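# Structural overview for review
Residue-level listing of the chains:
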Amino acid sequence: MITIKNLSHDFVIGKKGRQTIIPVLRDISFTVEKGEIVTIVGRSGSGKSTLLNLVSGFIHPKEGEIWIGGEKVSELNEAKFADFRIKNLGFIFQSFQLIPSMTAFQNVELPLILKGVNENVRKQQTEEMLKKVGLLDYQDHYPGELSGGQQQRVSIARALIVNPPLILADEPTGSLDSETEEELLQFIKELNRDLGITFLIITHDDQVADIGNRKIELLDGRIVEGVLV
Amino acid sequence: MRLRDQFRFVRQNMKKNRTRVFMTILATAMGCAFLIVLASVGFGLQKSVVKEMTEQRVITQIDVHGQETNEKGGFRQLTDKDVKIFEKVKDVKAVTRRKQLQQESTYTIGNYQEPTQTFVANFPSEVKAGFELSKGKLPKSKDEVVVGYNFLLNLASKDAGDDMYDERGQVKAEYRYTGKLLGEKIGLTVTQFKDGKQVEKTIPLTVVGISKKPTKDWAQDSSVFISDEMLKEIEAFTGTPKGFMLDQNGEKPQGLEAGYDTYDEVKIYAKDMEAVQSISDQLKEEKYATYSVVNELKEVNMVFMIAKAGLIFIGTIAILIASIGIYNTMTMAVTERAPDIGIMKAIGANPKTIKRIFLLESSYIGLIGALIGTAVSYVISYTVNFAIPLIIKQAFGKETEINLIFSDIPLILPIICVVICYGVTIISGLRPAQRATKVDVLKAMRREV
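Below: a short report on this structure. None of these values were measured; they are calculated from a predicted model. (Residues numbered from 1 in each chain as written. Chains lettered and ligands numbered in written order. Predicted model: local features only at pLDDT ≥ 70, side-chain atom pairs only at ≥ 80, totals over all residues. Heavy atoms only, no water.)

One finds Leu200(A) and Phe358(B) to be the most contacted residues of the largest nonpolar core, which totals 67 residues. Ranked by residues supplied to this core, first place goes to helix α7 (residues 293-346) of chain B with nine residues. Ignoring any residue separated from it by four or fewer positions in sequence, one finds Leu200(A) in contact with Ile2(A), Val32(A), Val38(A), Ile40(A), Leu52(A), Val55(A), Leu166(A), Ile167(A), Leu168(A) and Ala169(A). With 34 residues, the next largest nonpolar core counts Val154(A), Ala157(A), Ile161(A) and Leu191(A) among its residues. (Core = buried A, V, L, I, M, F, W, Y, C linked by side-chain atoms within 4.5 Å. Buried < 20%, exposed > 50% of the residue type's maximum accessible area, 1.4 Å probe, protein only. Helix = DSSP H or I, 4+ residues; strand = E, 2+ residues; numbered from the N terminus. Contact = heavy atoms within 4.5 Å.)

Every contact between the two is made by 23 residues of chain B and, on the other side, 29 residues of chain A. Linking chain B with chain A are four salt bridges. With a closest N to O distance of 2.7 Å, Asp5(B) and Arg122(A) form a salt bridge. Counting across the interface, chain B meets chain A through nine residue pairs in polar contact (both at pLDDT 80 or more). (Salt bridge = Lys/Arg side-chain N within 4 Å of Asp/Glu carboxyl O. Polar contact = N/O pair within 3.5 Å; in protein donor to acceptor, adjacent residues only side chain to side chain.)

Attention shifts here to the packing of helix α2 (residues 18-56) of chain B against α7(B). All names here are of chain B. Viewed as axis vectors pointing N to C, α2 and α7 meet at an angle of 180 degrees, and their least axial separation amounts to 8 Å. Here α2 lies roughly antiparallel to α7, going by the angle between them. Grouping the amino acids of the contact of α2 with α7 by side-chain chemistry returns 24 nonpolar, eleven polar and four charged. (Axes fitted to C-alpha atoms, helices over the stretch in contact; angles between N-to-C directions. Parallel < 35°, antiparallel > 145°, perpendicular 65-115°, else oblique. Nonpolar A, V, L, I, M, F, W, Y, C, P; charged D, E, K, R; others polar.)

All right, on to the pattern of salt bridges then. Summed over the entire model, instances satisfying the criterion amount to 30 salt bridges over all chains. Residues Lys62(A) and Asp10(A) are paired through a salt bridge, measuring 3.2 Å at the closest nitrogen-oxygen approach. Of this pair, Lys62(A) sits in the loop between α1 (48-56) and β4 (63-68) while Asp10(A) is found in strand β1 (residues 2-13), placing the two residues 52 residues apart along the sequence. In this structure Asp10(A) comes out as partly exposed when scored by relative accessible area, which is 22%. Across the salt bridge formed by Glu336(B) and Arg20(B), the nearest N and O atoms sit 3.0 Å from each other.

Glancing now at the side chain of Thr191(B). Of note, Thr191(B) is situated in strand β10 (residues 185-194). Judged by relative accessible area, which is 9%, Thr191(B) ranks as buried.

All names here are of chain A. Sheet topology places β1 next to strand β2 (residues 20-32); nine bridges connect them, and they run antiparallel. From the neighbouring strand, isoleucine 4 faces β2, where its bridge partner is phenylalanine 30. Bridge analysis of β1 against β4 gives five bridges, and the strand direction is antiparallel. Residue pairing across strands places isoleucine 4 opposite isoleucine 66, the latter belonging to β4. (Pairing = 2+ DSSP bridges.)

Let us now look at the side chain of Asp340(B). With respect to the helices and strands, Asp340(B) occurs in helix α7. Those residues in contact with Asp340(B) that sit more than four places away from it in its chain are Ile99(A), Pro100(A), Ser101(A) and Lys16(B).

Bringing the sheet that holds strand β5 (residues 71-72) of chain A into the picture now. Residues and elements named next belong to chain A. Spatially, the four strands line up as an open sheet ordered β2-β1-β4-β5, and their pairing is antiparallel. Of all the strands in the sheet, just β2 and β5 have a single pairing partner and so form its edges. Packed on one face of the sheet, α1 meets β1, β2 and β4 and runs near 115 degrees to β1.

Right, let's talk about the packing of aromatic side chains for a bit. All names here are of chain B. A full pass over the atoms with the stated rule returns eleven aromatic pairs over all chains. Aromatic rings pair up to connect Phe119, Phe123, Phe131 and Phe225 into one cluster. A cation over an aromatic ring shows up here: arginine 98 above the ring of phenylalanine 119, its NZ or CZ 5.7 Å from the ring centre. When the ring centre of phenylalanine 237 is taken as reference, the NZ or CZ atom of lysine 194 above it lies at 4.2 Å. (Phe/Tyr/Trp six-rings, centres within 6.5 Å; stacked < 30°, edge-to-face > 60°. Lys NZ or Arg CZ within 6 Å of the ring centre and 35° of its normal.)

Another point: the layout of surface pockets. A volume near 1,100 Å³ is recorded for the largest pocket. As for the largest pocket, its lining consists of 35 residues, and the residues nearest its centre are Val58(B), Arg98(B), Pro214(B), Asp221(B) and Tyr269(B). Going through the elements one at a time, α2, β1 (61-68), β3 (92-100) and β13 (265-270) of chain B are the ones with two or more residues in the lining of the largest pocket. It is β13(B) that contributes the most residues to the lining of the largest pocket, four residues altogether. Counted as a void, the second largest pocket has a volume near 510 Å³. Lining the second largest pocket are 24 residues; nearest its centre among them are Ser49(A), Asn53(A), Asp170(A), Leu442(B) and Arg446(B). (1 Å grid on protein atoms, 1.4 Å probe; cavity = no way out; pocket = protein on both sides within 12 Å on 5 of 7 lines; lining within 4 Å. Points joined across faces, edges and corners; volume = space filled by probe spheres on them.)

In structure tokens:
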């Protein structure tokens, strides 16, 4: 599903003439098979978020290749990556990233609007998805009117609405209490088992890391040897 | 993303800051109304002038005054030879030519008289050009004449005093000849100085026809058309071409003899308005002095076109000023919505879609502004046309002499305004829209923009 080959990335900080290059990822290579749940763990500053942002296409790698579903996404431009993203990727963010001026229904419907889906089909699919995450009764609520767990479920519903084969999750339980965290992890497992959705999850939480088929640990921008399960 | 959804997005976004959007639309509407009203004055005045010009003259008529004979401004009057040349020119419908009696001729019937102008006309060509009779027939013999439609109205009693005219300049009913005119004998009195004495001759003529009422209400036709043979008889009496009246000494001015057989009034009638220009051009090449209302219209339209372009330009400045408001509103919108844009980009919104949404929003503001501005300018235009004549009447105590149109909004004007407004709003929305596509997803999601 995902193949990373010799991926390296660094950030340039400081003003022109006094710039400092900070290496973040160094020669990373690994694969994620279809239907797997792979978790990436590591301390703060280990480069795990950068790795996810590179796979998501939010930043461009300096070196190396990223392949998703047979497509070399590391070479796609912004517009082409946007089209690829809407068809193939779902995102779950730590801080949910819901649009506050839109209701739960509108937030879940948004990817379908961007995809150009017919209004009637959209309505039906969005309602089904909200029902699936148990929020049909809250469809007209704005994010500010929902609890953290409910917001994350809206965020998951938004990620699932386009039936993506791969979901990228960045600290999905970071803003949730332990009970809601447990529920969410259970839901991720169900989605993986029932729908065969592949998950690449970034976390520093051991409980989250343990739900994966494999765990990759990053340390100072490198994969720590011997931790691949 | 479907266009319908894009419009829905734009409407939702606009609702988020109603006051700011309303003020921007208001500024755009004011700019558009200013442009339309300003230019409408040019259109209105042009319409008035053109209407006035075309009402007074036949549009297909070309007046030919003579021909230049040399570079120094030498000029000669036209003769039958010239008329024959004109008749051969392509798209010429008719060439009318008239000789005018060169003295004030007085006509009498019983105790009534009327001083008026006398012409010799070529009736076949006059008929071709549109001359019609209201009564009677065209003259055939030497002493038969056709009189103008208003001749009868101005035939006044010899006993009438200075108060014989009414406020419209017509002879009052009590002094007017009320008898029959058609078939009646009228006397034409011509005068000449002979041996220092004024000698008169009265020639009996028969009225056989009365011309049709002039199409223009204000036009007066009291002229009398005599035959060429009759003119020759008058010339024999006066001893001068076309009955020219000499002074008491009987001296003939230089070049007077050349006046025989020349025409005083030659008019060419083109088949249609489009042919007027080509006929005029051909005649000008042959050094004929011509005048046509089409040529004059061309010049007038050119002057008004420049004036209107200037007014539209000034009006455009108002729209440009309004566009600064649009630019500001859109820039604010992009800044405020940067986090939302970031989220949309993160879940797969194409930069082109985001650009389109913002361009749509700025053009939406521009178009609504233009439509409101157009509606307001129509109201202003009607009010101006209604109120200004009243104000003039109140202030000066009389109505305007010509029927002035102070403001006219032809369909092209709102179209020009909407096109300018749309163009300007697209340009002013372009940079903010471009900025929206450049929003960094990660910064936006961290609320750092």
